[in-house]
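Chain by chain, the residues:
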Amino acid sequence: QVQLVESGGGLVQAGGSLRLSCAASGSTFKVNAFGWYGQAPGKQREFLCAISSDGRTNYAESLKGRFTISRDNAKNTVYLQMNNLKPEDTAVYFCTTDRSFLRVISGSSKDWGQGTQVTVSS
């Protein structure tokens, strides 16, 4: 099992930026895919983006280039750079991982973090 710890959330004004981090334990980081999901109040968790072990990325159409996922294999950390934030981006953001890129994208991945709250004020 991979332990995931998200950080970097907080309160930001609309139009601002945040960078979330997801630190992963274990020796499988380099071979795993990772993803970010957001869960807004009263809504289901939804896919935002994912990155494969070899750096391929996949994004939800709704993000329109505002978010960027990246990984640092030396630090066992995955990042989510969020720019031009909007009030509707307010959500708990979860990191997830699995050996399978497709399972991360579909949300059926094995391991999940506890989430970090992002609040965007208007």
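Residues numbered from 1 in each chain as written. Predicted model: local features only at pLDDT ≥ 70, side-chain atom pairs only at ≥ 80, totals over all residues. Heavy atoms only, no water.

Peer 1: Which parts of the structure should I look at to understand the pattern of salt bridges?
Peer 2: Here the idea is simple: oppositely charged side chains can pair when their charged atoms come close. As enumerated under the stated definition, the model contains four salt bridges in all. Across the pair Asp-54 and Arg-56 runs a salt bridge, and its minimum N-O distance is 3.1 Å. Judged by its relative accessible area of 54%, Asp-54 falls in the exposed class. Residue classification places Arg-56 among the partly exposed positions, given a relative accessible area of 47%. (Salt bridge = Lys/Arg side-chain N within 4 Å of Asp/Glu carboxyl O. Buried < 20%, exposed > 50% of the residue type's maximum accessible area, 1.4 Å probe, protein only.)

Peer 1: Help me understand the state of the cysteines, please; the structure alone is not making it clear to me.
Peer 2: What is meant by a disulfide is a covalent connection between two cysteines, made through their sulfur atoms. Counting across every chain of the model gives one disulfide. Residue Cys-22 pairs covalently with Cys-95 via a disulfide, S to S 2.1 Å. In this structure the cystine formed by Cys-22 and Cys-95 twists about its S-S bond by roughly -80°; its chirality is therefore left-handed. Of this pair, Cys-22 sits in strand 3 (residues 18–24) while Cys-95 is found in strand 9 (residues 91–98), placing the two residues 73 residues apart along the sequence. In this structure, Cys-22 and Cys-95 share a single accessibility class: buried. Cysteine Cys-49 remains unbridged, with the sulfur of Cys-95 as its closest cysteine sulfur at 9.6 Å. (Disulfide = S-S within 2.5 Å. Helix = DSSP H or I, 4+ residues; strand = E, 2+ residues; numbered from the N terminus.)

Peer 1: Just checking my understanding: could you explain the nonpolar core for this structure?
Peer 2: As a rule of thumb, nonpolar side chains are buried together in soluble globular proteins. Counting 33 residues, the largest nonpolar core has Phe-34, Trp-36, Leu-48, Phe-67, Leu-80, Met-82 and Tyr-93 as its most contacted members. Every element with two or more residues in this core is listed here: strand 3, strand 4 (33–39), strand 5 (46–51), strand 7 (67–72), strand 8 (77–82), strand 9, helix 1 (101–106) and strand 11 (116–121). In terms of residues, this core owes the most to one element, strand 5, which gives five residues. (Core = buried A, V, L, I, M, F, W, Y, C linked by side-chain atoms within 4.5 Å.)

Peer 1: Looking at this model, I keep getting lost on the packing of aromatic side chains. Mind explaining?
Peer 2: Note on aromatic pairs: each is described by the distance of the centres and the angle between the planes. Summed over all chains, the structure comprises three aromatic pairs. Taken together, a centroid distance of 4.7 Å and an interplanar angle of 40° make the contact between Phe-29 and Phe-34 tilted. Just as Phe-29 is buried, Phe-34 falls in that class too. On the numbers, 5.5 Å between centres and 70° between planes, the contact of Tyr-37 with Phe-47 is edge-to-face. Of this pair, Tyr-37 sits in strand 4 while Phe-47 sits in strand 5, and the two are 10 residues apart along the sequence. Exposure remark for Tyr-37: the relative accessible area of 4% places this residue in the buried category. (Phe/Tyr/Trp six-rings, centres within 6.5 Å; stacked < 30°, edge-to-face > 60°.)

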